[in-house]
Amino acid sequence: MKKFYTLFGLFIVFGIFMFVTSCNESTVEPDLYGSISGTVKASASNLPMEGVTITTNPGTTSVTTNSEGEFSIEKVLIGDYSVTATKEDYSSQSINIKVTESQNNSMSFILTVAPLDSKIPDDITYVSPADIEEDQSKLPTEVKLTWRNGETEKGDTLRFDVILYEGADDAEGTKIVSNILDTTYTVNNLKFETTYLWKVVARNKQLDEVEGKKWRFATEDFPTNPYLFVKDTLDSRDIYSWDLKENHLVQLTDGGGDELHPKIMPGQHSRIAYSAMNNGVFHIYTMDLKGKDVFKVTGDRPVVGNHNDGGGFVWSPTGDQLLYGYYNELIVINRDGTGWKKIANSPVNREFTQMDWTYQFNNHSEEKIVALAQGDKPYDNEIYLMDPDGSNMTLLVDNLEGTLSNPQFSFGGDKVIFSLDSLYEDDRGIQRDARIYSINIDGTGWTDLSGDDKTGNDLQAKFSETGEKIIFMNVSNSGTEKKTIWTMDPDGSNREQLIFNGEMPDWYNP
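Residues numbered from 1 in each chain as written. Predicted model: local features only at pLDDT ≥ 70, side-chain atom pairs only at ≥ 80, totals over all residues. Heavy atoms only, no water.

Caption draft 1: Region of the structure containing the overall build of the chain. Helix and strand counts for the chain stand at one helix and 40 strands. Rg of the C-alpha trace for the chain: 38 Å, well past the compact-globule value of 24 Å for 510 residues, more than 25% over. When its C-alpha atoms are laid out on the principal axes, the chain stretches across 135 × 75 × 50 Å. Within the chain, the fraction of its 510 residues that count as buried is 47%. The long-range share in the chain, meaning contacts at least 24 apart out of those at least 6 apart in sequence, stands at 48%. Charged side chains in the chain number 45 positive and 79 negative. The centres of these two groups are separated by 4 Å. (Helix = DSSP H or I, 4+ residues; strand = E, 2+ residues; numbered from the N terminus. Rg over C-alpha atoms; globule rule 2.2 N^0.38 Å. Buried < 20%, exposed > 50% of the residue type's maximum accessible area, 1.4 Å probe, protein only. Contact = heavy atoms within 4.5 Å. Lys, Arg positive; Asp, Glu negative; His and termini not counted. Charge placed at Lys NZ, Arg CZ, Asp CG, Glu CD.)

Caption draft 2: How the structure looks around the pattern of salt bridges. Tallying each qualifying case throughout the model produces 27 salt bridges. When the shortest N-O distance is used, the salt bridge between Arg-203 and Glu-209 registers 3.0 Å. Assessed through its relative accessible area of 43%, Glu-209 is described here as partly exposed. Between Arg-435 and Asp-448 there is a salt bridge whose closest N-O contact spans 3.1 Å. One end of the pair, Arg-435, is in strand β34 (residues 435-440); the other, Asp-448, is in strand β35 (residues 447-448), with 13 residues separating them in the sequence. Arg-435 sits in the buried class, given a relative accessible area of 16%. Classification of Asp-448 by relative accessible area gives partly exposed; the value is 34%. (Salt bridge = Lys/Arg side-chain N within 4 Å of Asp/Glu carboxyl O.)

Caption draft 3: Highlighting the sheet that holds strand β36 (residues 457-463). Ordered in space as β36-β37-β38-β39, the four strands form an open sheet in which the pairing is antiparallel. Since the sheet does not close on itself, it has two edges, and those belong to β36 and β39 (496-500), each with one partner. With strand direction ignored, the average angle separating the axes of adjacent strands in the sheet is 30°. Pairing of strand β37 (residues 470-475) with strand β38 (residues 484-488) involves five bridges; the strand directions are antiparallel. Counted as the bridge partner of Ile-471 is Thr-487 from β38. (Pairing = 2+ DSSP bridges. Axes fitted to C-alpha atoms, helices over the stretch in contact; angles between N-to-C directions.)

Caption draft 4: Inspection of the pairing of strand β10 (residues 143-149) at higher detail. Counting buried positions along β10 gives five out of seven residues, so the element sits mostly inside the fold. Alignment of strand β8 (residues 124-128) against β10, held across four bridges, turns out to be antiparallel. Following the sheet pairing, Ser-128 is matched in β10 by Thr-146. Note that β10 and strand β13 (residues 184-187) share four bridges and pair antiparallel.

Caption draft 5: Region of the structure containing the confidence of the model for the chain. Averaged over every residue, the pLDDT of the chain is 88; the share at 70 or more is 91%. Element-level pLDDT for the chain is lowest in helix α1 (residues 2-25), with a mean of 41, against a maximum mean of 98 in strand β24 (residues 313-315). Confidence drops under pLDDT 50 across residues 1-27; counting only partners more than four residues distant or on other chains, this segment forms zero contacts. (pLDDT = per-residue confidence, 0-100.)

Caption draft 6: Here's a closer look at unusual backbone geometry. The peptide bond linking Asn-57 to Pro-58 adopts the cis configuration, its omega dihedral lying at 5°. Mapped onto the secondary structure, Pro-58 falls in the loop between β2 (53-57) and β3 (63-64). A cis amide bond links Ser-128 to the next residue, Pro-129, at an omega of 0°. One non-glycine residue with positive phi stands out, namely Lys-75, at about 50°. Looking at the element boundaries, Lys-75 is found in strand β4 (residues 70-77). Here His-269, not a glycine, exhibits a phi torsion of approximately 55°, which is positive. In this structure, His-269 sits in the loop between β20 (259-264) and β21 (271-278). His-269 gets classed as buried once you look at its relative accessible area, which sits at 11%.

Caption draft 7: Broad picture of the packing of aromatic side chains. One pass over the full model with this rule turns up 15 aromatic pairs. Through a chain of ring-to-ring contacts, the aromatic side chains of Tyr-126, Trp-147, Phe-160, Trp-198 and Trp-215 assemble into a single cluster. The side chain of Lys-231 reaches across the aromatic face of Tyr-240, ending 5.3 Å from its centre. (Phe/Tyr/Trp six-rings, centres within 6.5 Å; stacked < 30°, edge-to-face > 60°. Lys NZ or Arg CZ within 6 Å of the ring centre and 35° of its normal.)

Caption draft 8: Structural detail: the layout of surface pockets. In this model, the second largest pocket occupies a volume close to 790 Å³. Partitioning the lining of the second largest pocket into residue classes produces eight nonpolar, nine polar and nine charged. (1 Å grid on protein atoms, 1.4 Å probe; cavity = no way out; pocket = protein on both sides within 12 Å on 5 of 7 lines; lining within 4 Å. Points joined across faces, edges and corners; volume = space filled by probe spheres on them. Nonpolar A, V, L, I, M, F, W, Y, C, P; charged D, E, K, R; others polar.)

Caption draft 9: Representation of the pairing of strand β17 (residues 227-232) in the model. Across six bridges, the pairing between β17 and strand β18 (residues 237-242) is antiparallel. Each residue of the ladder has a partner; that of Val-230, found in β18, is Ile-239. Here β17 folds back onto β18, and the loop between the two strands holds four residues. Strand direction decides the pairing type here: β17 and strand β40 (residues 503-507), joined by three bridges, are antiparallel. Of the residues in β40, the one forming a bridge with Leu-228 is Asp-506.

Structure follows, in structure tokens:
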């Protein structure tokens, strides 16, 4: 029994010893910190250097020097560190230091200008896009160019130029960016259906250069853009087409002046008619859907008349002729500029300035013309219907209080839509509450399509080819805000803004 108690006591003593020992071994020592500070000066001038990057190894916090060349890194764990000061065009310098508890460890750097490189940069390798020989895919009109260049000498800083060539016949190319440090560059506003070549030139600080070879890529096919409109730029107004998709906005004209009132040719949709100023008056031109093959239709009889801003013309329903106003004459001309003839004279003291021509009148196959007869004042106007030869001219809308504009047939030709500002008349043509109305071809059934949600002025309305929507322009009363293009249902519901900074819209169903 005595032996048992003796052994039991030994076990207890041993257990207490192990417990105490275990507790001692698991004790966590607290982290101990110091700090690092210092200054950086230039060796040549002994002046403080601002913007020098200070790093440590092992890593702590990276800082830069202030205008006095000073830096400070707080709360640095005690231990041995290598502190490095670096700045472009200077040789970096490292200082070893031992950080001690609760002490500020101070140091001073003197940086010297880095020597010029003696090694020419390595050959440039291209990353993307892949060369056309390896990848036949077509790219959007915004392309990110990426390349790589090998090391030259330690601390070397390479700079790059990017040169772009528009096709193989472009011998000179265009330097689209110069002297950049990045190895990527995004080029935008490229042309559709075009094969581009590009190369990179790299140089070191000693201005040794190496040129990369030319790589090629192709852009996507020209988009089918059903929306045409005019956009106001800094010094001109130009015609654009768009399908409302990213990178598919296409500028079709760039004449340096105003190209206005784009109108798609019915049926084939292969040409766009528009007006542009020539020798102080508006003439009708046509172009293809890519803005090419420009042709001047009118000659010694331009588009002129009372308050005519060049929009007083329209395609015939078959697209083989154009109808327009020349002072008090209504003229038809072939689209190739030949065979013009007068079909009607305007009422006394008026001139036809805006018009439409339909092949479906009163929901059956019959051609008809609707035209605005404009007097001397902007608000002195009437709307007439007539046959395509100018006969059977009848008054549809009388000279009302306010300003009438832009009569257009509905799909089926049973109605005419137009804008009317019935609340305001101004000799300068300013409008305050222009609304879109529809009226039956017999003069009945007036309907306000703009409704109560409208602000500003609704103008330049026309139906889509299928009659499912009306497209129009809205502008504020002040005239200082950007014009916008909207659509709505034929009854005026479901107003929706499509385009910001746009006017004179036209559209077709491709």
